[in-house]
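# Overview (structure and organization)
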Number of protein chains: 2
Amino acid sequence: MQHSQKIAIVGSGLVGSLLAIYLKKAGHQVHVYDRSPDIRKIQFSGRSINLAMSNRGWKALDDAGVGDQIREIAIPMEKRAIHIGDKLNYQHYGKEGDNIYSISRGVLNRKMIDLAEAAGAEFFFEKKVWDVDLAESTLQIGETERGAWEAIKYDKVFGADGAFSRVRHRMQRQSMFNYSQEFLNTGYKELNIPANADGTHKLDKNSFHIWPRGEYMLIALPNLDGSFTCTLFMPFEGENSFESLKDRKAVEDFFEKNLPDTIDVIPKLAEDFFENPTSTLVTMKCFPWTYNGKVALIGDACHAIVPFYGQGMNAGFEDITVLNVLMERHGDDWNTIFTDYEKSRKPNADAIAELSYRNFMEMSTKTADEKFLLQKKIEKIFSEKYPEKWIPLYSRVTFSDRPYAEALAIGDRQKAIMDEVMMLPDIEQIWDTETVEKKILALLK
Amino acid sequence: MQHSQKIAIVGSGLVGSLLAIYLKKAGHQVHVYDRSPDIRKIQFSGRSINLAMSNRGWKALDDAGVGDQIREIAIPMEKRAIHIGDKLNYQHYGKEGDNIYSISRGVLNRKMIDLAEAAGAEFFFEKKVWDVDLAESTLQIGETERGAWEAIKYDKVFGADGAFSRVRHRMQRQSMFNYSQEFLNTGYKELNIPANADGTHKLDKNSFHIWPRGEYMLIALPNLDGSFTCTLFMPFEGENSFESLKDRKAVEDFFEKNLPDTIDVIPKLAEDFFENPTSTLVTMKCFPWTYNGKVALIGDACHAIVPFYGQGMNAGFEDITVLNVLMERHGDDWNTIFTDYEKSRKPNADAIAELSYRNFMEMSTKTADEKFLLQKKIEKIFSEKYPEKWIPLYSRVTFSDRPYAEALAIGDRQKAIMDEVMMLPDIEQIWDTETVEKKILALLK
């Protein structure tokens, strides 16, 4: 049992608000600060990628007792729907019942803040935290960076303030703080597929839709209101790039040529394209994550990743699961809680960063590749027959709670095996024979 | 020919003051700011590693017409003196005349500021630059970070303010700015070997002295006054570590056991050890280095490296050489000057960072390894016979002005070749025979 602490959480995003629920349940006083207005009172920004909630996310929500309320705003997706030319291929994610869930970031965030408030957390919006006195776990809050600040002291401070965290910013200025931020040359833009007049979805609603085109790709995830949130991922510069799509005509020509089956379903293509910002994608890593049992980073604030594995929020929620176990185990020994937390999570955060980075290639290129799809089929047959010998990488990441670092290591080993299998002569003919099965079994030895 | 610009240089270190000389020669107005007091008026800090000036450094100094004045304060080192047990091995750096030069950082910095002032640059000490308006190339200067600031506008701003650059700090906060800082678990501490009573050196003066001990090592570089500046590199934590050397007795016992031949020459061992700080070692990378033809980073501010190749200052000076060529080529087109500068230097900065990182192992472990020394001998014989076919990596980095990135790539190829050569049966017996020579020639094909 812990003594009640006065705790500040900086950031009222998904991780900040779920953490608030956990900390309230543990008996603490919780203040959540956000520099932005209350998301429940404003329109969303048009720069969001829909979330894909999977096992790790649900576990954290269920352990907090709020999973069922979130399921009400989630749409199960059981498969990828791969749009190539005028063909549509489906690829199931895993076993029967292995779904990921589409949730609008804004809808979820509003709900999470409601739930955290109901649990007793107090929210302070439009309060800008500019600096943190780490040794004193004291926030410096003010209107502007150069203006007057008010100092508010807490027992603990959590930085749940995202990839550009101010809390981390202060930690970065210490000696021995390792840090990296790396931007992709690919950016993204939100587009929209509205609902039909009767409120139904224009595309299959239980699919994660992908238009893989190599250097760029379009994805679409369903919303409750019958619409889809689409995201176009594309290089900033070059032949097929945001830079090259300068005007309405260029955008429309491009979609007609390369994404013809989207023309009918994205009616306000050019409007969306030029109204919505082009956003960047960054991988951010750092260490340490905590300071002296007083201050801790969590979620994107200490491990921002690119979105291509759909694990950003899930990884942040899993931080909370791990932290909660340690809080239950170590009582008032916050030094141990924070030290064990960062040691246990860091290798897994690095692993999911690497897997997410790699997955852009898989989604944008390989899902359009016959040989890759064959490989997936072979893996699926084998894993169904020998589930204890072979959990496909995607399933281990998405439908299990085994550590990401383990998934990365085993995934690399599986890849080496499948590379050998795919080099078997006539693999296209013999893929479902005993020869292939025996080969895999031999290589697994 | 360029039109005269009003230029601010932030940082009066080695790179800042040499850059000031170049910019004055090009006809610009030059103001150099430093947050510290004038180094000519204070004692040095006791946390410096002596510099090893080599080809790239001399080239930049000679092109500016100040090389001969610096040679007066430099001591040539023609070889490594490797202290193992009570044995002393010498290993020449390159061909006859291939010397590196020991210079005290403080002595050199004072001289460089004198030379820059003589060239007409104006220095402003104890002026703290807290922020830079990048688009307006305007410095924000004040007593404290949170106090009142004075804005001073320039045409161009150079950030030569080192690994923890404030100018870069502002650039870091832009989108699409890639950045990493990574600290080694090894730190360093300055120690001192004083001169003999008659002003002579206690150890061979034309050697770079190394006591390689695996995880840790001691080095000593000669000064003009007969003393040596020593640097102890050692892990922060663990068995043989700064943490483990808690008191006078622990330090003295450690040196007596592991570095016995230094006992007589470092009389104030414990005093130095506890008075001088333990400093950290960081590799810092970033990109871009410039902003809009207005602001540019240079030297450690954009590529801080660990000191194990002796190339930190040399690489910074080579930045200036490259920049100067581009200023002469592109006149008033500062956008092109800055863009070409960062594009040309970035891969070379990354390469010397990698080489420097790798060289810790070579210096601390391999220089004590018989097989490594044999390999160096084989390389030396071969490169003397076929100088056009084989320039050893160290020589290419230290005694040439070929790009660092080329040195890294060719060095990797040479390493693969030498790995094969060293696996020849009986290599210890046949190392100077035609068999080995022919093997290398064959592998080079």
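Being a predicted model, the structure only gives us computed values, none of them experimental.

Criteria and cut-off values
- Residues numbered from 1 in each chain as written.
- Chains lettered and ligands numbered in written order.
- Predicted model: local features only at pLDDT ≥ 70, side-chain atom pairs only at ≥ 80, totals over all residues.
- Heavy atoms only, no water.
- 1 Å grid on protein atoms, 1.4 Å probe; cavity = no way out; pocket = protein on both sides within 12 Å on 5 of 7 lines; lining within 4 Å.
- Points joined across faces, edges and corners; volume = space filled by probe spheres on them.
- Helix = DSSP H or I, 4+ residues; strand = E, 2+ residues; numbered from the N terminus.
- Domains from an automatic or database assignment.
- Contact = heavy atoms within 4.5 Å.
- Buried area = accessible area lost by both parts, 1.4 Å probe.
- Salt bridge = Lys/Arg side-chain N within 4 Å of Asp/Glu carboxyl O.
- Polar contact = N/O pair within 3.5 Å; in protein donor to acceptor, adjacent residues only side chain to side chain.
- Nonpolar A, V, L, I, M, F, W, Y, C, P; charged D, E, K, R; others polar.
- Least-squares fit on C-alpha atoms with pLDDT ≥ 70 in both.
- Expected span 1.5 Å × (residues − 1).
- Buried < 20%, exposed > 50% of the residue type's maximum accessible area, 1.4 Å probe, protein only.
- Pairing = 2+ DSSP bridges.
- Axes fitted to C-alpha atoms, helices over the stretch in contact; angles between N-to-C directions.
- Phe/Tyr/Trp six-rings, centres within 6.5 Å; stacked < 30°, edge-to-face > 60°.
- Lys NZ or Arg CZ within 6 Å of the ring centre and 35° of its normal.

### As for empty space enclosed by the protein
All names here are of chain A. If you walk through the whole model with that rule in mind, you get two cavities of 30 Å³ or more. Taken as a whole, the largest cavity holds about 40 Å³ of empty space. Lining the largest cavity are Met284, Lys285, Cys286, Trp289, Cys302, His303, Ala304, Ile305, Lys346, Ala349, Asp350 and Ala353. Mapped by element, the contributors of at least two residues to the lining of the largest cavity are β18 (282-287), α8 (300-303) and α10 (334-364).

### Remarks on the domain arrangement of chain A
Residues and elements named next belong to chain A. Segmenting chain A into domains produces domain 1 (6-75 + 101-182 + 282-359), domain 2 (186-275) and domain 3 (369-444). Computed from C-alpha atoms alone, the centre-to-centre distance between domain 1 and domain 2 is 30 Å. Facing 13 residues of domain 1, the contacting portion of domain 2 comprises 14 residues. Both sides of the domain 1 and domain 2 interface together cover about 1,100 Å² of buried area, and 68% of this is carbon and sulfur. Contact with domain 2 buries area across many residues of domain 1, yet Ile49, Asn50 and Ile75 alone supply 48% of it, more than any other trio. For the pair domain 1 and domain 2, the number of links is zero salt bridges. Viewed at the interface, domain 2 and domain 1 are joined by four residue pairs in polar contact (both at pLDDT 80 or more). Of the residues that constitute the side of domain 1 that touches domain 2, the class distribution is six nonpolar, five polar and two charged.

### Describing the relation of the copies chain A and chain B
At an RMSD of 0.0 Å, chain A and chain B line up after a rotation of 180 degrees and a shift of 0.0 Å along the axis. A rotation of that kind, with that shift, is consistent with a two-fold axis. In terms of proximity to the rotation axis, the leading residue of chain A is Ser180 of chain A, whose C-alpha is 1.9 Å off the axis. Take the interface residues of chain A: 95% of them recur as interface residues in chain B, which is what a same-surface contact looks like.

### Topic: helix α8 (residues 312-330) of chain B
Under the 1.5 Å per step criterion, the end-to-end length of α8 of chain B is 27 Å for 19 residues, consistent within 8% with the ideal 27 Å. Just downstream of α8 of chain B lies Gly331 of chain B, where phi reads positive at about 55 degrees.

### Examining the environment of Phe338 of chain A
Residue and element names in this part refer to chain A. One can find Phe338 in helix α10. Overall, the relative accessible area of 0% leaves Phe338 in the buried class. It is 45 Å that separates the C-alpha atoms of Phe338 and Asp369, two residues lying 31 residues apart in sequence. Discounting chain neighbours no more than four positions away, the residues touching Phe338 are Phe158, Thr290, Gly293, Lys294, Val295, Ala296 and Leu323.

### Section: the interface of chain A and chain B
At the junction of the two partners, chain A supplies 22 residues and chain B supplies 21 residues. A buried area of about 1,800 Å², summed over both sides, lies between chain A and chain B, and 42% of it is on carbon and sulfur atoms. Per-residue buried area on chain A facing chain B is highest for Arg146, Met176 and Gln181 of chain A; these three make up 34% of the total on that side. Close ionic contact of Arg173 of chain A with Glu145 of chain B constitutes a salt bridge, the shortest N to O distance being 3.2 Å. Our enumeration of links across chain A and chain B arrives at 14 residue pairs in polar contact (both at pLDDT 80 or more). Mapped onto the side of chain A that touches chain B, the elements with two or more residues apiece are α5 (166-172) and β13 (178-183) of chain A.

### Notes on the side chain of Asp131 of chain A
Summarising the element assignment, Asp131 of chain A is placed in strand β9 (residues 129-133). A distance of 2.8 Å separates a polar atom in the side chain of Asp131 of chain A from a polar atom in the side chain of Arg170 of chain A.

### Details of the sheet that holds strand β3 (residues 51-53) of chain A
Adjacent strands of a sheet form backbone hydrogen bonds with each other and so pair up, either parallel or antiparallel. Residue and element names in this part refer to chain A. If you trace the three strands from one edge of the open sheet to the other, you get β3-β7-β4, paired in antiparallel fashion. Bordering the open sheet on either side are β3 and β4 (75-77), each of which pairs with just one other strand. Between one strand axis and the next, the sheet turns through 40 degrees on average, direction left out of account. Looking at chain direction, β4 and strand β7 (residues 100-103) are connected through three bridges and run antiparallel. By the bridge assignment for β7, Pro76 is matched with Tyr101.

### Notes on the pairing of strand β12 (residues 156-159) of chain B
Residues and elements named next belong to chain B. Residues Lys156 and Phe158 of β12 are buried on one face, and the alternating residues Val157 and Gly159, pointing to the opposite face, are buried as well. Here four bridges tie strand β1 (residues 6-10) to β12, and the two strands are oriented parallel to one another. Bridging across to β12, Ile9 finds its partner in Phe158. Here β12 pairs with strand β20 (residues 295-297) via three bridges, running parallel. Across the sheet, the residue bridging to Phe158 is Ala296, located in β20.

### Some thoughts on the pattern of salt bridges
Enumeration over the complete set of coordinates arrives at 62 salt bridges over all chains. Of the charged contacts in the structure, one is a salt bridge between Lys95 of chain A and Asp98 of chain A, with a shortest N-O distance of 3.7 Å. Taking the relative accessible area as the measure of exposure, Lys95 of chain A reaches 57% and is therefore exposed. Residue classification places Asp98 of chain A among the buried positions, given a relative accessible area of 13%. Salt-bridge contacts for Glu420 of chain B lead to Lys439 of chain B; the nearest nitrogen and oxygen are separated by 4.0 Å. You can see Glu420 of chain B sitting in helix α12 (residues 404-422) and its partner Lys439 of chain B sitting in helix α14 (residues 434-444), a full 19 residues away along the chain.

### Topic: the environment of Thr262 of chain A
Residues and elements named next belong to chain A. Considering the arrangement of structural elements, one finds Thr262 in the loop between α6 (248-258) and α7 (269-275). Spatially, the C-alpha atom of Thr262 lies 41 Å from that of Ala20, the residues being 242 residues apart in sequence. Those residues in contact with Thr262, other than ones at most four positions away along the chain, are Trp211, Leu218 and Phe255.

### Structural notes on the packing of aromatic side chains
Taken as a whole and assessed by the stated rule, the structure comprises 41 aromatic pairs over all chains. Geometrically, the ring pair formed by Tyr188 of chain B and Phe233 of chain B is tilted, given 6.0 Å between the ring centres and 45 degrees between the ring planes. With Tyr188 of chain B in strand β14 (residues 186-193) and Phe233 of chain B in strand β17 (residues 228-235), the pair connects residues that are 45 residues apart, well separated along the chain. By relative accessible area, Phe233 of chain B is classed as buried at 2%. Here the guanidinium or amino end of Lys6 of chain A rests over the ring plane of Tyr154 of chain A, the centre of that ring lying 4.9 Å away.

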